[in-house]
Amino acid sequence: MPTPSRYNHFQRWSEDHFLAFNARSGAVALMTNDNYESYLRIVEHLKSADESTLSDDDKQLLMQLNHGKFMHPDDYDELRSMQFQSRLARYDTTDLGLVIAPTLACNMACEYCYEPNKQDRMTAAVVDGIIKFVELRAAQLKSLNVAWYGGEPLLAMDIIEDLSETFLDLSKEYHFKYDASMISNGYLLTKDKVDRLTGLNVRSVQVTLDGPARTHDVKRPLKNGRGSFETILDNLVYASTRMGAGVRVNVDQSYTTALIAELLKELKARDLHRRVGIYFGQLEPSTTVCANIAESCYGAISFAGIETEYYKLLLEGGFRIEKLPAPMAVFCMAQQINGYVVDPKGNLTRCWNHVGDDKRTIGNIADPIDYEHRNFTHLFDVDPYEINECRECSVLPICMGGCPDRRIVQGVKKDELCQSWKFNLEPMLETIATSCMQARQQAATRKEMQS
Ligand code: SF4
Ligand code: SF4
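Residues numbered from 1 in each chain as written. Chains lettered and ligands numbered in written order. Predicted model: local features only at pLDDT ≥ 70, side-chain atom pairs only at ≥ 80, totals over all residues.

**Some points on the sheet that holds strand E12 (residues 339-342)**
No. 1: Reading across from one edge, E11-E10-E9-E8-E7-E6-E12-E13-E14 is the order of the 9 strands in this open sheet, with mixed pairing throughout. Either end of the sheet is taken by a strand with one partner, and the two such strands are strand E11 (276-282) and strand E14 (363-364).
No. 2: Pairing geometry for strand E7 (residues 143-148) and strand E8 (residues 177-183), over 6 bridges, is parallel. Pairing of Trp-148 across the sheet is with Met-182, part of E8. (Pairing = 2+ DSSP bridges. Helix = DSSP H or I, 4+ residues; strand = E, 2+ residues; numbered from the N terminus.)

Have a look at this one:
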């Protein structure tokens, strides 16, 4: 007999409605009080009777609940099924993900940067090595995803263009999908570069803003000491018309709600509130350099609280809410055999945080992959299905055990590893659902005005 999913979350939405969320399917639904009561009645009924004995209305509701994975057949092991999907994703070789840092040089001098003063630039031999690496795998690929990274990748635009053109040629020859994204500080993202990048399938860019102009320009100055905020915003205005544009705000305890509100006001003044997605990142003391600012970093629980407040500010300011509780098969590329970070020397690592760190490399792009290398296995082997707290956790599908590097390399403990969903799912769902409804209402109003 059908049983309820262990990943169901119900919360009061209004006097007449409940908000229903299933973390495994990602389904969100508004349920009337009547439907919620029917759901409870169905669950109770099915403990002792067959579903054929349900009323027609309850059978109909059960069908919808099955569809959203709120219910599943009795003989179905939900956890085992997820674990199976996770294993498929781990060993999949039809999708190749490469994070390529064509240079580690940067035009900025951020106070918390973990890649200070690195000047390496990719050589022609490494560029050839990357092409050969992709060619060798091309025949079995369904997709190739590249994230351009650095340093500041736009300081090596020529390398990005050379490699992208080859990837595009290979994708046509071998019939796989090729998409790219970029992490940039945004200062060099001129109109001309945006146009060239979009022609090379770079679909989205993420830049970082550390608060409004007056704090950003102190925390993220250019190497020559000048500010970068105004130029970055100018660049985003055009970039956001041609590609997906996201703004990451690295949050530590020096932030206040007033400071975030000030940043949002500055973005809105340029009409960016409907065109960029804002994402609040938890600044973490992940390296020796970052450890210097450790005392100002939030812990996971306190970050979850402040994050909720900041997303409410986005909602009030008419910004898009882009953070969604989406189910995933694995947490990150370090848990997939076909994901690599390539540094300018051609050294491969398994984690974005390890780029350019010779001690963390698993080998070089020119050599066969050593799947037994300790730097490969120690992150790959992190499996939330083997961790008791995660197996029992009601947000496992949208967390997947969190960052393996933090768990294994940094030795972060227990709750600090949990994604903020564990602590703020209810208020975040409320904000997300309100934002969806507002967007729907606005679309309906626009349609009405046009007709
Ligand atoms: S291990 Fe952690 S830091 Fe490294 S890529 Fe994965 S999520 Fe990112
Ligand atoms: S890390 Fe925490 S939130 Fe994530 S699945 Fe494990 S117990 Fe749940």
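Continuing now.
**Things to note about the pairing of strand E2 (residues 8-12)**
No. 1: With 5 bridges joining them, E2 and strand E3 (residues 17-22) adopt antiparallel strand pairing. In the sheet register, His-9 faces E3, and the bridge partner there is Phe-21.
No. 2: Between E2 and E3, which follow one another and run antiparallel, lie 4 residues.

**Topic: the domain arrangement of the chain**
No. 1: Domain annotation of the chain identifies domain 1 (1-76) and domain 2 (77-451).
No. 2: Of note, the centres of domain 1 and domain 2, computed from C-alpha atoms alone, are 35 Å apart.
No. 3: In this assembly, 14 residues from domain 1 lie in contact with 15 residues from domain 2.
No. 4: Contributing elements (two or more residues each) for the side of domain 1 that touches domain 2: E2 and E3.
No. 5: Here the residues of the side of domain 1 that touches domain 2 sort into 6 nonpolar, 6 polar and 2 charged. (Domains from an automatic or database assignment. Contact = placed C-beta atoms within 7 Å. Nonpolar A, V, L, I, M, F, W, Y, C, P; charged D, E, K, R; others polar.)

**Concerning the site of ligand 2**
No. 1: Close to ligand 2 lie 13 residues; Cys-390, Cys-393, Cys-399, Cys-418 and Lys-422 are nearest.
No. 2: The set of elements that each furnish at least two residues to the shell around ligand 2 consists of helix H13 (388-391) and helix H14 (396-399).
No. 3: Classifying every residue of the shell around ligand 2 gives 8 nonpolar, 3 polar and 2 charged. (Near = placed C-beta within 6 Å.)

**Considerations on the site of ligand 1**
No. 1: In the vicinity of ligand 1, the residues found are Phe-331, Cys-332, Met-333, Ala-334, Cys-351, Trp-352, Asn-353, Leu-379, Cys-403, Pro-404 and Asp-405.
No. 2: Grouping the constituent residues of the shell around ligand 1 by class yields 9 nonpolar, 1 polar and 1 charged.

**Here's the deal with unusual backbone geometry**
No. 1: That bond from Gly-150 to Gly-151 is cis: its omega, 10 degrees, falls within 30 degrees of zero.
No. 2: By secondary structure assignment, the location of Gly-151 is in the loop between E7 and helix H5 (157-174).
No. 3: In this model, Asp-271 sits at a positive phi of 65 degrees, which is unusual for a non-glycine residue.
No. 4: Mapped onto the secondary structure, Asp-271 falls in the loop between helix H9 (257-269) and E11.
No. 5: According to the C-beta neighbour criterion, Asp-271 is exposed, with 10 such atoms within 10 Å.
No. 6: Phi is positive for Met-400, close to 55 degrees, though the residue is something other than glycine. (Buried ≥ 20, exposed ≤ 12 C-beta atoms within 10 Å, placed from the backbone.)

**Considerations on the environment of Val-218**
No. 1: Structurally, Val-218 can be placed in helix H7 (residues 213-219).
No. 2: Measuring from C-alpha to C-alpha, the distance between Val-218 and Pro-2 comes to 58 Å, with 216 residues separating the pair along the chain.

**Things to note about the packing of H9 against helix H11 (residues 300-316)**
No. 1: Running from N to C, H9 and H11 point in directions that differ by 30 degrees, and their axes come no closer than 10 Å. In this structure, H9 crosses over H11, and the sense of that crossing is right-handed. Within the contact between the two elements, H9 uses Thr-257, Ile-260, Ala-261 and Leu-264 and H11 uses Glu-309, Tyr-310 and Leu-313.
No. 2: Along the lines of polarity and charge, the residues of the contact of H9 with H11 split into 5 nonpolar, 1 polar and 1 charged. (Axes fitted to C-alpha atoms, helices over the stretch in contact; angles between N-to-C directions. Left-handed = near helix turned anticlockwise from the far one by under 90°.)

**Regarding the pairing of E7**
No. 1: Pairing of strand E6 (residues 95-100) with E7 involves 6 bridges; the strand directions are parallel. Considered in E7, the bridge of Leu-96 is made with Leu-144.
No. 2: As a crossover connection, the stretch from E7 through H5 into E8 is right-handed. (Right-handed = clockwise from strand over helix to strand, strands pointing away.)

**Some points on the nonpolar core**
No. 1: In this structure, Ile-100, Ile-130, Leu-144, Val-146, Trp-148, Tyr-149 and Val-342 are the most contacted members of the largest nonpolar core, which totals 106 residues.
No. 2: Counting residues domain by domain, this core receives three or more from each of domain 1 (1-76) and domain 2 (77-451).
No. 3: The contact partners of Ile-100, leaving out residues within four places of it in the chain, are Ile-130, Val-146, Trp-148, Tyr-149, Leu-163 and Val-342. (Core = buried A, V, L, I, M, F, W, Y, C linked by C-beta atoms within 7 Å.)

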